[in-house]
Amino acid sequence: MLNIGFIGLGNMGGPMAINLVKAGHSVKVFDLSESAVASIVQAGATAASSVIDAVANADFVISMLPAGKHVEGLYVGGDSPLFDHLKAGALVIDSSTIDAKTAKNVASIAAARGIDFIDAPVSGGVGGATAGTLSFMVGANSQQFKQAQPVLEIMGVNIFHAGVQGSGQIAKACNNMLLAILMSGTSEALNMGVNNGLDAKVLSEIMRLSSAGNWALEVYNPYPGVMPKAPASNQYQGGFQVDLMSKDLALAMDLSEKSHSATPMGERARDLFKAHAEQGNGSLDFSSIIQQYQKIGS
């Protein structure tokens, strides 16, 4: 049994922590939301009185935080950075989706202090977090990756070693930029077909089994009623929020600018999701981007 400190119990972090509890590990959790902590404690975790208490005697520390400034502030900022309170040999796994520069900077500070810190952002949404089927994109050295694998495999099924620290964040940015492009393109095609008299289910099946087949058509159709379990058939509730996709696309565009990479389709997707969020749809699932096409055509 491992001692695990888990910080950040949102829509993704909460289910991930529960899966660690179900696997028989001792999990001490902390979040600013008391209700979030209470729900994980009910599943068998222990509530920490502070972030410092959460990592006391922890073999692994896992964090799932909103942005780079929160990760940096937690581990290296303030009068009592968390790096001051880790036991020797502990491995820090940051599963937040943040900019690669911050991930590399925090990892560099950790290395200088003899602390193991890796970035391991995830893909798979709330459903994947709950089912323990997430994909992890890991930035670490070989030894750190090997050490992290048994823990990550409790929460996910696809564990990728992307490269050194920061590589996980770069891989996540590439993945989510392409995901946004695919969902936007799928929505565009479906909207055009329906506007020209086709049935959304029939068209989806034609494209799914033809050369346009993709993940959205397989498991996450954006058109209401096509897939009963998809967020589109539940008023776009649950799933991966538009605000989060907009955040990830901003990270991707920052990465493209710094590396002088041409991303015209990524830029267009960024603009579409940004506009969608600004129209009050930030809390909806990202597949609701089809509504932008429906508005344009009305």
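The notes below deal with the structure included here. (Residues numbered from 1 in each chain as written. Predicted model: local features only at pLDDT ≥ 70, side-chain atom pairs only at ≥ 80, totals over all residues. Heavy atoms only, no water.)

1. Focus: the overall build of the chain
Stage number 1. When its secondary structure is counted, the chain shows 13 helices and 9 strands.
Stage number 2. Against the compact-globule benchmark of 19 Å for 298 residues, the chain has a radius of gyration of 20 Å, which places it among compact chains.
Stage number 3. Here the contacts in the chain between residues at least 6 apart in sequence split such that 62% fall between residues at least 24 apart.
Stage number 4. Surface accessibility of the chain: about 13,600 Å² in total, with carbon and sulfur atoms responsible for 55%.
Stage number 5. Mean positive and mean negative side-chain charge positions of the chain (18 and 24 charges, respectively) differ by 2 Å. (Helix = DSSP H or I, 4+ residues; strand = E, 2+ residues; numbered from the N terminus. Rg over C-alpha atoms; globule rule 2.2 N^0.38 Å. Contact = heavy atoms within 4.5 Å. Areas by Shrake-Rupley, 256 points an atom, 1.4 Å probe, with all protein chains shown as cover. Lys, Arg positive; Asp, Glu negative; His and termini not counted. Charge placed at Lys NZ, Arg CZ, Asp CG, Glu CD.)

2. Thoughts on the side chain of Ser135
Stage number 1. Within the secondary structure layout, Ser135 lies in strand 8 (residues 134-139).
Stage number 2. Polar side-chain contacts of Ser135 include one of 3.3 Å to the side chain of Asn158.
Stage number 3. With near-sequence residues (within four places) excluded, Ser135 lies in contact with Pro121, Val122, Ser123, Asn158 and Phe160. (Polar contact = N/O pair within 3.5 Å; in protein donor to acceptor, adjacent residues only side chain to side chain.)

3. Describing the nonpolar core
Stage number 1. Of all hydrophobic cores here, the largest spans 33 residues; its most connected members are Phe6, Met16, Val29, Ile93, Phe136, Val138 and Met155.
Stage number 2. The set of elements that each furnish at least two residues to this core consists of strand 1 (3-7), helix 1 (13-22), strand 2 (26-30), helix 2 (34-42), strand 4 (60-63), strand 5 (91-94), strand 8 and helix 7 (142-155).
Stage number 3. Among residues more than four places away in sequence, those in contact with Val138 are Ile118, Asp119, Ala120, Phe145, Leu152, Ile159, Phe160, His161, Ala162, Gly163 and Gly168.
Stage number 4. Counting residues in each nonpolar core, the second largest holds 22 residues, with Ala54, Leu65, Val92 and Val106 among its members. (Core = buried A, V, L, I, M, F, W, Y, C linked by side-chain atoms within 4.5 Å. Buried < 20%, exposed > 50% of the residue type's maximum accessible area, 1.4 Å probe, protein only.)

4. Here we look at the pattern of salt bridges
Stage number 1. A complete count under the given rule lists 7 salt bridges for this structure.
Stage number 2. Measuring nitrogen to oxygen at the nearest pair gives 2.8 Å for the salt bridge that ties Asp59 to Lys87. Highlighted residues: Asp59 in the loop between helix 3 (51-55) and strand 4 and Lys87 in the loop between helix 4 (68-76) and strand 5, separated in sequence by 28 residues.
Stage number 3. We note a salt bridge from Asp254 to Lys258, for which the minimum N-O separation is 3.1 Å. One end of the pair, Asp254, and the other, Lys258, are both in helix 11 (residues 242-258), 4 residues apart, so they sit about a helical turn from each other.
Stage number 4. You can call Lys258 exposed: its relative accessible area is 51%.
Stage number 5. Within this structure, Glu205, Arg208 and Glu218 form a network of salt bridges that share partners. (Salt bridge = Lys/Arg side-chain N within 4 Å of Asp/Glu carboxyl O.)

5. Comments concerning the packing of helix 8 (residues 167-195) against helix 11
Stage number 1. Contact pair helix 8 / helix 11: the axes reach a minimum separation of 9 Å and the direction vectors enclose 120 degrees. By crossing handedness, the relation of helix 8 to helix 11 is classed as left-handed. Two secondary-structure elements touch here, helix 8 through Ile170, Lys172, Ala173, Asn176, Met177, Leu179 and Ala180 and helix 11 through Met245, Asp248, Leu249, Ala252, Met253 and Leu255.
Stage number 2. Here the residues of the contact of helix 8 with helix 11 sort into 10 nonpolar, 1 polar and 2 charged. (Axes fitted to C-alpha atoms, helices over the stretch in contact; angles between N-to-C directions. Left-handed = near helix turned anticlockwise from the far one by under 90°. Nonpolar A, V, L, I, M, F, W, Y, C, P; charged D, E, K, R; others polar.)

6. Here's the deal with helix 12 (residues 264-281)
Stage number 1. With 18 residues, helix 12 extends 24 Å from end C-alpha to end C-alpha; this agrees with the ideal 26 Å at 1.5 Å per step.
Stage number 2. Inspection of helix 12 places Gly266, Ala269, Leu272, Phe273, His276 and Asn281 among the buried residues, and these make up the whole buried set. Taken around the axis of helix 12, the buried residues stretch over an arc of 125 degrees, which confines them to a single face. With respect to the buried face of helix 12, the exposed residues turned more than 90 degrees away are Pro264 and Glu278. (Expected span 1.5 Å × (residues − 1). Arc of directions from axis to C-beta.)

7. Description of helix 8
Stage number 1. Over its 29 residues, helix 8 runs 42 Å from end to end, which matches the ideal 42 Å to within 8%, given 1.5 Å per residue.
Stage number 2. Immediately downstream of helix 8, the backbone of Gly197 shows phi near 95 degrees, a positive value.

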